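# Structure assessment
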Amino acid sequence: MTSPNNSNKSNSSANNETDKESSEKQNGMLAGIFERATKSGLGRKKSNPNPVESGVAKDMADIHSNPTKLRLAFLGGGSFGTAMANLAARNGCDTTLWVRNKRTVKAMSKTQTNKKYLPGYKLDDRLKYSHDLAASVKDKDVIFIAVPGLAFRETLKNIAPFISGQSIVSLTKGMEKDTFAMMSDIIKEVLPEVNFGVMSGPNLAIEIMKNMPSATVIASKSEPLRHAVQAALHSAFFRVFASDDVRGVELGGALKNIYAIAMGMAAAYEVGENTKAMILTRALAEMSRFGVEEGANPLTFLGLSGVGDLYATCSSELSRNYRIGNMLGRGMSIDTAVKKLGQTAEGVNTIQQVHEKATKAGIYMPITHALYAVIYEDKAALGVALHLMEAGFRSDVEFVMAHDNSNAALTAHMKTSGSNTNSKDGDTDE
C-alpha cells in the first residue's frame, strides 16, 4: 500500500518530469530559431560591451580636449548630411561640409543655415563649408558620403585621386539604378583598398536638429572605424550603436523606403490602425526574407536599422517616400509626385530594383510586387490590394515555422487584377 507521502512524492516527480520536458521542448524551439539565424556564417561573436563603451568614452574625451583629433568631411548638403556634420562640429571635431554649388556654400557660411533643406535651424559656428572637393577630403580621417544614390559612384570616382588612407562611411540609403549595387558594393568596386562602413537608422533630420532623442547604427568590419564614428557623433541626444553586419544594416535602410511608399498610399485611403500594423509587420517579414537571401543576419532587422527605421519612415509625413506614396494614393502620377516633392525619394528606384531581383531569385515579396504593378504597370491600387488579401495562406514568422513560397499564385492574382482593372483609381468615376 502506498503512503500519502510516497504518493505526493510520485506526483511531484511526475510534475517535475513534465516541467522538464516542457522546458527542454521550449529551449529546443528557441535553439532552433537561433540556429536558423546564425547558420551559413550569419552568426556573430559575443562581445563584452564594457571595453567598447570605455573605448568610445575615451575617444570622446580625447576629442573634447583636442578638437582637431578627428578630421571629418561630409559630402552632400542635403538635410541628413547637414544634420550629421552639425553634430560632429558640435562635438568638437574638425568638420567640413562639402556642397557642390559655390553660391550655396557662400550663403551657408554667411548665415550658418541650410535654407533649402533645414530652414530656420542654426548650424554650429565651428562647422566649415567648402565647394572644393579635393581640399575637403585631403588629410581627413573619415569621409562621410551623403549624396543621392544616383551620384554616389561619381562622387567616389571624383575623390579617388585624393584618397591616401581615409576611411569612407556611407550615409546614403538605397541602391544604384539598374545594377542592384548597394553603396558598400560601389565603395569596394571603386576604392577597393579603403576602410569603410555604412550608417543607417530612424534618423529624420529635422528631429535631430531639434535635439529630439534619436539613435543610429554604424556597421563596419573595422572596430576602430566604428569607435571613431561613435566618438564623432554620439551625444546626449543622439546615440550611435555598432554592428558588424554591413549587408543587413544597409539593406534595412534601403528596403524600408519601399514600405514607406506603401504606407503613404494606405494613409491616402484613410485605412485603420489594423491595416497599418499589418503592413508594418508584413513589410518586416519581406525585409528579413530578402536580407537573408542577400547574406544578412535576420536578427539585424529587429534593430534600429530594420524595424526602427521602418517604423519612423512609415509613420512620419517628414519622410520623403511616405509623401510620394501619399500623393500616388491621391491619384497623382509618379512623375508629377516626384516633381512636386522636389527631393530624391530613393524608394521609387528601390521598388523597381527589388521587384526585378526578387522575381529572378524567387523571393516572396508581395508588397513590393504590388507597388511595382501600381507604379510601373498602371494597375489600380485598390484592385491590387484586394488581390493581395486573397492570395494564399502563409505562416506568420517563417524563421519559426517554414512554409512554401507562393510567387506563382501571387503572379496569377496580379494578372487577374490587370485584366479586370486597367486604370488607376484616381481616373475612375466614383
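Position numbers for residues start from 1 in each chain and track the written sequence from start to end. A pLDDT threshold of at least 70 governs which residues receive local features in this predicted model, and a stricter bar of 80 or more applies before side-chain atom pairs are shown or counted, although totals over entire chains, interfaces and linings include all residues. With hydrogens and water set aside, each side-chain value is computed from the structure's full complement of heavy atoms.

## Let's talk about the overall build of the protein
We count a stretch as a helix when DSSP gives it H or I for four or more residues in a row; a strand needs E for two or more, and each element gets its number in order from the N terminus. Each helix and strand counted, the protein has 18 helices and eight strands in total. Per-residue burial over the protein gives 52% buried out of 430 residues. We call two residues contacting when some pair of their heavy atoms lies within 4.5 Å. Partitioning the contacts of the protein with sequence separation of at least 6, the portion at a separation of at least 24 is 72%. With the model as given, the accessible surface of the protein reaches about 21300 Å², and the carbon-plus-sulfur share is 52%. When a residue's accessible area, from a 1.4 Å probe over protein chains only, is under 20% of the maximum for its type it is buried; when over 50% it is exposed; and in between it is partly exposed. With residues, only the protein chains shown are counted as cover, and all accessible areas are computed by Shrake-Rupley using a 1.4 Å probe.

## A short note on the packing of helix α15 (residues 346–361) against helix α16 (residues 366–376)
Note on method: axes are straight lines fitted to C-alpha atoms, helices fitted across the in-contact stretch only, with angles between N-to-C directions ranging 0 to 180 degrees. At a minimum axis separation of 9 Å, α15 and α16 run at an interaxial angle of 120°. Comparing their axes, α16 and α15 come out oblique. Relative to α16, the crossing made by α15 is left-handed. Side by side, α15 and α16 meet where Val348, Asn349, Ile351, Gln352, Val354, His355, Ala358 and Thr359 of the first sit next to Thr368, His369, Leu371, Tyr372, Ile375 and Tyr376 of the second. Polarity classes work like this: nonpolar for Ala, Val, Leu, Ile, Met, Phe, Trp, Tyr, Cys and Pro, charged for Asp, Glu, Lys and Arg, and polar for all others, with Gly in that last group. The class makeup of the residues in the contact of α15 with α16 is eight nonpolar, six polar and no charged. Orientation categories follow fixed angle ranges, with anything under 35 degrees roughly parallel, anything over 145 roughly antiparallel, 65 to 115 roughly perpendicular, and all other angles oblique. Left-handed describes a crossing in which the near helix is turned anticlockwise from the far one by less than a right angle; the clockwise case is right-handed.

## Some words on the pairing of strand β6 (residues 196–200)
Counting buried residues in β6 gives five out of five residues, a clear majority hidden from the surface. With burial as the criterion, each face of β6 is covered, one bearing Phe196, Val198 and Ser200 and the other bearing Gly197 and Met199. Only when DSSP finds a minimum of two bridges between them are two strands counted as paired. Here three bridges tie strand β5 (residues 167–170) to β6, and the two strands are oriented parallel to one another. Among the inter-strand pairings, Val169 is bridged to a residue of β6, identified as Gly197.

## Examining the sheet that holds strand β7 (residues 214–219)
Across the sheet, eight strands lie side by side as β3-β2-β1-β4-β5-β6-β7-β8; this open sheet has mixed pairing. A single partner strand is all that each edge strand has here, and the edge strands are β3 (128–130) and β8 (238–243). Here the average twist between neighbouring strands, direction ignored, is 25°. Both strand β1 (residues 71–75) and strand β4 (residues 142–145) contribute to a ladder of four bridges, which runs parallel. Its bridge partner lying in β4, Leu75 is registered against Ile145.

## Quick look at the pattern of salt bridges
Salt bridge, as used here, is a side-chain nitrogen of Lys or Arg placed within 4 Å of a carboxyl oxygen of Asp or Glu. For the structure on display, the rule yields 13 salt bridges. In this structure, Asp124 and Arg126 form a salt bridge, with 3.0 Å as the shortest nitrogen-oxygen distance. Among the residues examined, Asp124 registers a relative accessible area of 15% and is labelled buried. Linked by salt bridges that have partners in common, Asp185, Arg247, Glu294 and Lys357 make up one network.

## Some remarks on the pairing of β8
With six bridges joining them, β7 and β8 adopt parallel strand pairing. For Thr216, the partnering residue across the bridge sits in β8 and is Val240.

## Considering the nonpolar core
Remark: nonpolar core denotes a set of buried residues (Ala, Val, Leu, Ile, Met, Phe, Trp, Tyr, Cys) joined through side-chain atoms within 4.5 Å. Grouped together as the largest cluster of nonpolar side chains are 47 residues, with contacts concentrated most on Leu255, Tyr259, Ile261, Phe290 and Ile324. Sorting the residues of this core by element identifies α10 (246–268), α11 (273–293), α12 (304–315), α13 (320–329), α14 (334–341), α15, α16 and α17 (381–390) as the ones contributing at least two each. Here the element with the most residues in this core is α10; it accounts for 11 residues. Every residue in contact with Tyr259, bar those within four places of it in the chain, is listed here: Ala283, Glu286, Met287, Leu310, Cys314, Met365, Ile367 and Thr368. Within the second largest apolar cluster, 37 residues are counted, among which are Ala88, Leu123, Ile208 and Leu233.

## Section: the confidence of the model for the protein
On a scale of 0 to 100, pLDDT captures the predictor's confidence in every residue. Looking at the protein, pLDDT values average 83 and 75% of them are 70 or higher. Predicted confidence is poor over residues 25–34, with pLDDT under 50, and the contacts of this stretch with residues over four places away or in other chains come to three contacts. This stretch, residues 36–47, has a pLDDT under 50; its non-local contacts, to residues over four places away or in other chains, come to 15 contacts.

## Thoughts on the environment of Leu371
Relative to the assigned elements, Leu371 resides in helix α16. The class for Leu371 is buried, based on a relative accessible area of 5%. As a C-alpha pair, Leu371 and Ala385 span 14 residues in sequence and 9.4 Å in three-dimensional space.

## Re unusual backbone geometry
Positive phi, normally seen in glycine, also occurs at Gln112, with a value near 55°. Among the secondary structure elements, Gln112 is positioned in the loop between α4 (102–111) and β3. On the accessibility criterion, Gln112 (11% relative accessible area) is buried. The phi dihedral of Asp378 falls on the positive side, at around 60°, and the residue is not glycine. Among the structural elements, Asp378 can be located in the loop between α16 and α17. Residue Asp378 is classed as partly exposed on the basis of its relative accessible area of 38%.

## Observations concerning the packing of aromatic side chains
By convention, a stacked pair of Phe, Tyr or Trp rings (six-membered ring in the case of Trp) has centres within 6.5 Å and planes under 30 degrees apart, an edge-to-face pair has planes over 60 apart, and any other such pair is tilted. Here the structure, examined in full by the defined rule, presents three aromatic pairs. Where Phe180 meets Phe290, the ring centres are 5.8 Å apart and the plane angle is 70°; that geometry is what we call edge-to-face. In this pair, Phe180 is assigned in the loop between β5 and α7 (183–190) and Phe290 in helix α11, connecting sequence segments 110 residues apart.

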